Amino acid sequence: MALHDVTGAGESLSEMSPLEQQVVDAARRGVWAEPRTSVGVAELASTEDAGLCVRAELIRELLIGRHGELDPHGLRVRGVRILGQLDLEHVTAVVGFALTRCALPQGFTCCSARLQWVDLRGSSLSGLTADGLRTDDRLSLEGATLRGAGELGAVRLIGAHIGGQCDFERATIVNDTGPALCADRMRTGGSLLAEGVILRGAGKSSAAQLIGVQISGQCDFEGATVVNSAGPALCVDRMRTDGSLLLAGATVLGAGELGAVRLLGAQIGGQVNLAGVQVVNESGPLLVLSEARVDGILTMPAPVVCPEGSVAVRSGDCAAGQRQVFVHGLEFARLDRVSWREWLHLLVHHTPKYAPQPYQQLAGVERISGHDNNARQILITQQDDLRRRAPEALGGTLARWRHRLWGVVGRYGYRAHRLVTALVLTLTVAGALGYLAGQVTTRPGHLAAERVLPATAPSTGPGTACSTAELIGLGIDRGLPLGATGLRARCDLATDTRWGQAFTYAIWALQAIVWALATLAVAAYTGLVRKPA
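Residues numbered from 1 in each chain as written. Predicted model: local features only at pLDDT ≥ 70, side-chain atom pairs only at ≥ 80, totals over all residues. Heavy atoms only, no water.

Enquirer: Help me out: how do you make sense of the overall build of the protein in this one?
Expert: Summing up its helical and strand segments, the protein has 10 helices and 44 strands in all. Its C-alpha radius of gyration of 39 Å places the protein more than 25% over the 24 Å reference for a compact globule of 533 residues. A principal-axis box enclosing the C-alpha atoms of the protein has dimensions of 140 × 35 × 30 Å. The 533 residues of the protein split such that 53% are buried. Here the analysis covers contacts within the protein between residues at least 6 apart in sequence; of these, 68% occur between residues at least 24 apart. Summed over all atoms, the accessible surface of the protein reaches about 23,700 Å², with 53% contributed by carbon and sulfur. (Helix = DSSP H or I, 4+ residues; strand = E, 2+ residues; numbered from the N terminus. Rg over C-alpha atoms; globule rule 2.2 N^0.38 Å. Buried < 20%, exposed > 50% of the residue type's maximum accessible area, 1.4 Å probe, protein only. Contact = heavy atoms within 4.5 Å. Areas by Shrake-Rupley, 256 points an atom, 1.4 Å probe, with all protein chains shown as cover.)

Enquirer: What exactly am I supposed to notice about the nonpolar core here?
Expert: One broad trend across soluble globular proteins is that nonpolar side chains are buried collectively. Judged by nonpolar contacts, the single largest core of 123 residues is most densely connected at Phe108, Leu157, Phe168, Phe221, Leu287 and Trp343. The dominant element in this core, judged by the number of residues it contributes, is helix H4 (residues 340-349), at 6 residues. When sequence neighbours within four positions are dropped, the list of residues in contact with Trp343 reads Leu298, Met300, Val327, Leu330, Phe332, Leu335, Val338 and Leu362. Counting residues in each nonpolar core, the second largest holds 14 residues, with Ala430, Ala437, Val440 and Leu471 among its members. (Core = buried A, V, L, I, M, F, W, Y, C linked by side-chain atoms within 4.5 Å.)

Enquirer: Would you mind going over the state of the cysteines with me for this structure?
Expert: Note on terminology: disulfide describes a covalent bond linking the sulfur atoms of two cysteines. The final tally for this structure, using the stated rule, is 1 disulfide. The residue that forms a disulfide with Cys466 is Cys491, at a sulfur-sulfur distance of 2.0 Å. The sign of the 110 degrees torsion about the S-S bond sets the Cys466-Cys491 disulfide as right-handed. You can see Cys466 sitting in the loop between strand E43 (449-451) and helix H9 (468-479) and its partner Cys491 sitting in strand E44 (residues 491-493), a full 25 residues away along the chain. Across the pair, Cys491 and Cys466 agree in class, each one buried. Between Cys53, a cysteine without a disulfide, and Cys102, which holds the nearest cysteine sulfur, the sulfur-to-sulfur distance is 11 Å. Looking at Cys110, it has no disulfide partner, and the nearest cysteine sulfur is the one in Cys111, 6.7 Å off. The class of Cys110 is buried, set by a relative accessible area of 2%. (Disulfide = S-S within 2.5 Å.)

Enquirer: Hey, could you run me through the sheet that holds strand E25 (residues 208-209) in this one?
Expert: Adjacent strands of a sheet form backbone hydrogen bonds with each other and so pair up, either parallel or antiparallel. The strand order E6-E9-E13-E17-E21-E25-E29-E33-E37-E39 describes an open sheet built from 10 strands, whose pairing is parallel. Here the strands that pair on one side only, and so sit at the sheet edges, are strand E6 (86-87) and strand E39 (325-326). In the sheet, strand E21 (residues 181-182) pairs with E25 via 2 bridges, with the strands oriented parallel. Across the sheet, the residue bridging to Cys182 is Gln209, located in E25. (Pairing = 2+ DSSP bridges.)

Enquirer: For this particular structure, what's the right way to read the environment of Arg334?
Expert: Checked against the element boundaries, Arg334 lands in strand E40 (residues 331-336). Distance in space between the C-alpha atoms of Arg334 and Ile198 is 31 Å, their sequence separation being 136 residues. With near-sequence residues (within four places) excluded, Arg334 lies in contact with Gly296, Ile297, Leu298 and Val365.

Enquirer: Help me understand H9 in this model?
Expert: Since the α-helix advances by 3.6 residues per turn, residues separated by three or four positions end up pointing in the same direction. Between the first and last C-alpha of H9 there are 17 Å, a value that for 12 residues agrees with the 16 Å anticipated at 1.5 Å per step. Turning to H9, its buried residues number three or more, namely Glu470, Leu471, Gly473, Leu474, Gly475, Asp477, Arg478 and Gly479. (Expected span 1.5 Å × (residues − 1).)

Enquirer: What am I meant to see in the packing of aromatic side chains here?
Expert: In this description, an aromatic ring pair is defined by two values, namely the gap between the centres and the angle between the planes. All chains considered together, the criterion is met by 5 aromatic pairs. Judged by centre distance (5.8 Å) and plane angle (50 degrees), the ring pair of Tyr505 and Trp508 falls under tilted. Remark: Trp508 and Tyr505 occur in helix H10 (residues 498-530); sequence separation between them is 3 residues, near one turn of the helix. On the basis of relative accessibility, which here comes to 47%, the residue Trp508 falls in the partly exposed class. Between the NZ or CZ atom of Arg78 and the centre of the ring of Trp32, over which it lies, the distance is 4.1 Å. Above the plane of the ring of Trp401 lies Arg404, whose end atom (NZ or CZ) is 5.6 Å from the centre. (Phe/Tyr/Trp six-rings, centres within 6.5 Å; stacked < 30°, edge-to-face > 60°. Lys NZ or Arg CZ within 6 Å of the ring centre and 35° of its normal.)

Enquirer: Which parts of the structure should I look at to understand the pairing of strand E4 (residues 75-78)?
Expert: Regular strands place their side chains on alternate faces of the sheet. Across the two faces of E4 the burial is the same, with Leu75 and Val77 and Arg76 and Arg78 all buried. Where E4 lies against strand E7 (residues 97-100), 4 bridges are found, and the strand directions are parallel. Counterpart to Arg78 in the pairing with E7 is Thr100.

Enquirer: How do you make sense of the pairing of strand E28 (residues 225-228) when you look at a structure like this?
Expert: Here strand E24 (residues 198-201) runs beside E28; their pairing, made up of 4 bridges, is parallel. When the sheet's bridge partners are listed, Gly201 is paired in E28 with Asn228.

Enquirer: Whenever I open this one, the confidence of the model for the protein confuses me. Can you help?
Expert: When pLDDT is averaged along the protein, the result is 91; 93% of the residues meet or exceed 70. Considering only residues more than four positions removed or in separate chains, one finds that residues 1-11, a stretch of pLDDT under 50, has 19 contacts. A low-confidence stretch, residues 528-533 stays under pLDDT 50, and its non-local contacts, those more than four residues away or across chains, total 7 contacts. (pLDDT = per-residue confidence, 0-100.)

Enquirer: I'm lost on the side chain of Asp492 in this one. Help?
Expert: Following the sequence through the fold, Asp492 ends up in strand E44. Separated by 3.1 Å, the side chains of Asp492 and Arg478 make a polar contact. Setting aside residues no more than four positions away along its own chain, Asp492 makes contact with Ala448, Ala449, Glu450, Val452, Leu474 and Arg478. (Polar contact = N/O pair within 3.5 Å; in protein donor to acceptor, adjacent residues only side chain to side chain.)

Enquirer: Whenever I open this one, the environment of Ala56 confuses me. Can you help?
Expert: By secondary structure assignment, the location of Ala56 is in helix H3 (residues 56-63). Taking C-alpha positions, Ala56 is 4.9 Å from Leu86, a pair spaced 30 residues apart along the chain.

Enquirer: Whenever I open this one, the pattern of salt bridges confuses me. Can you help?
Expert: Oppositely charged side chains are able to pair whenever their charged atoms sit close together. Inspection of every chain in the model, using the stated rule, returns 17 salt bridges. One salt bridge in this structure joins Arg55 and Glu20, with 2.8 Å as the shortest N-O distance. One end of the pair, Arg55, is in strand E3 (residues 53-55); the other, Glu20, is in helix H1 (residues 18-29), and 35 residues separate them in sequence. Neither residue differs from the other here; Arg55 and Glu20 are each classed as buried. (Salt bridge = Lys/Arg side-chain N within 4 Å of Asp/Glu carboxyl O.)

What follows is the structure, encoded as structure tokens:
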């Protein structure tokens with residue numbers, strides 16, 4: 001079509017249809033433009049009716065100011081088909097614009113554009129390419145349908161800066177040959193709203209890939225459906241959000257070793273809510289939360305990972321142990337809707353390998369809450385898991401046996417009272433050996449333990465039996481490594497006889513055990529005192 005100068009500001013389209021002229025007039029007056037006949041978006045995508053069509057070139061010319069001054073309310077069009085691709089690349093728009101319930105069968109591209117605001121609610125597009133887009137206010141695709149193709153993604157917002165909210169609520173974005181949504185390094189001045197969104201992608205890239213995004217508000221994927229049969233479903237690695245990350249009630253189906261849901265290195269300023277999430281990955285982890293930080297509450301009911309919600313820590317594997325979660329380096333302020341025992345079960349049976357930090361994190365949360373006994377039980381389980389899944393970290397065979405013994409006797413120092421109990425039992429055995437020695441005859445008239453004769457008494461006479469108290473005291477006296485009671489000056493073992501020597505050796509062995517137990521008890525209690533609150 002021929003072009004002529006109608007405004008003195010540049011070239012503009014001529015021979016406009018009545019609907020197109022209505023669009024121009026409405027933009028100048030700040031009102032909505034819409035055709036007299038209203039049809040569905042699906043029918044608009046294929047219509048040739050001039051009364052329902054507006055050329056993409058006209059939309060572009062209006063936004064760059066070639067049709068005179070436009071009302072600050074912006075360009076607002078409803079229920080039309082846009083002919084041709086809407087190309088706003090590198091455009092600096094004079095007003096914001098809304099194309100609601102419209103059909104853009106050849107898509108929309110606005111790379112490196114500067115737009116005031118964009119509203120595509122309820123519209124149908126073959127794709128949106130908006131890398132480097134800058135908007136002063138919102139970008140809305142609420143209820144829109146986008147069906148793209150290719151490895152670049154159906155919706156691309158890489159490096160985009162959205163001044164307000166970025167809204168995908170109840171939108172349907174599908175790409176059978178690549179990502180549905182690719183928005184790496186996107187920044188928003190408001191929230192990212194994707195409640196009820198449907199995202200279906202394919203390939204090794206994530207169906208929804210938002211690596212390194214920075215969100216000033218919250219990120220809401222509640223009730224969303226995110227599907228990728230050949231790779232990760234939702235990837236928000238290194239996300240930074242001042243608000244919460246909400247995934248409650250979402251359905252996420254992914255595949256592969258990278259995980260279905262990825263929050264690697266994410267920093268969440270509020271809470272993370274995973275209540276009611278249905279996550280499926282038959283060939284890899286369900287959740288990758290490694291190195292993530294949650295400043296608020298982490299809500300993740302145990303059945304999200306372990307359907308049974310088990311609290312048992314078994315020596316064997318959990319029946320649902322193939323449902324894995326990566327939590328190494330994960331930090332959170334508090335857990336909700338999952339008990340510490342359920343979380344402990346997840347650490348032992350649903351993580352791929354032993355790592356100390358998740359146990360220390362959980363113990364720290366319990367200790368801060370005033371549950372010191374729970375914290376000690378968590379740390380005991382950590383040591384058991386270390387021996388079970390990473391024995392090489394303990395050293396050689398001797399070191400492993402020493403670690404096992406330390407666990408049985410003193411629960412790795414976290415149950416110091418068990419050491420005291422063992423110490424008392426050992427001294428009791430020593431006292432029993434002393435008493436038993438006073439009942440064993442070594443030769444006629446003599447016992448393995450008897451009274452000590454004065455130096456002037458003849459040694460050929462019969463010995464004198466010790467009292468029961470003296471015999472028990474003798475065993476304890478010989479068993480104590482320090483602090484003798486002095487009983488041995490009156491009653492002692494006859495070490496010149498075989499039985500006397502046997503009892504002596506046995507009590508020496510108990511003395512060594514008492515030494516070890518006393519040392520461990522002191523170390524354990526000292527360690528408990530020094531542990532941070």
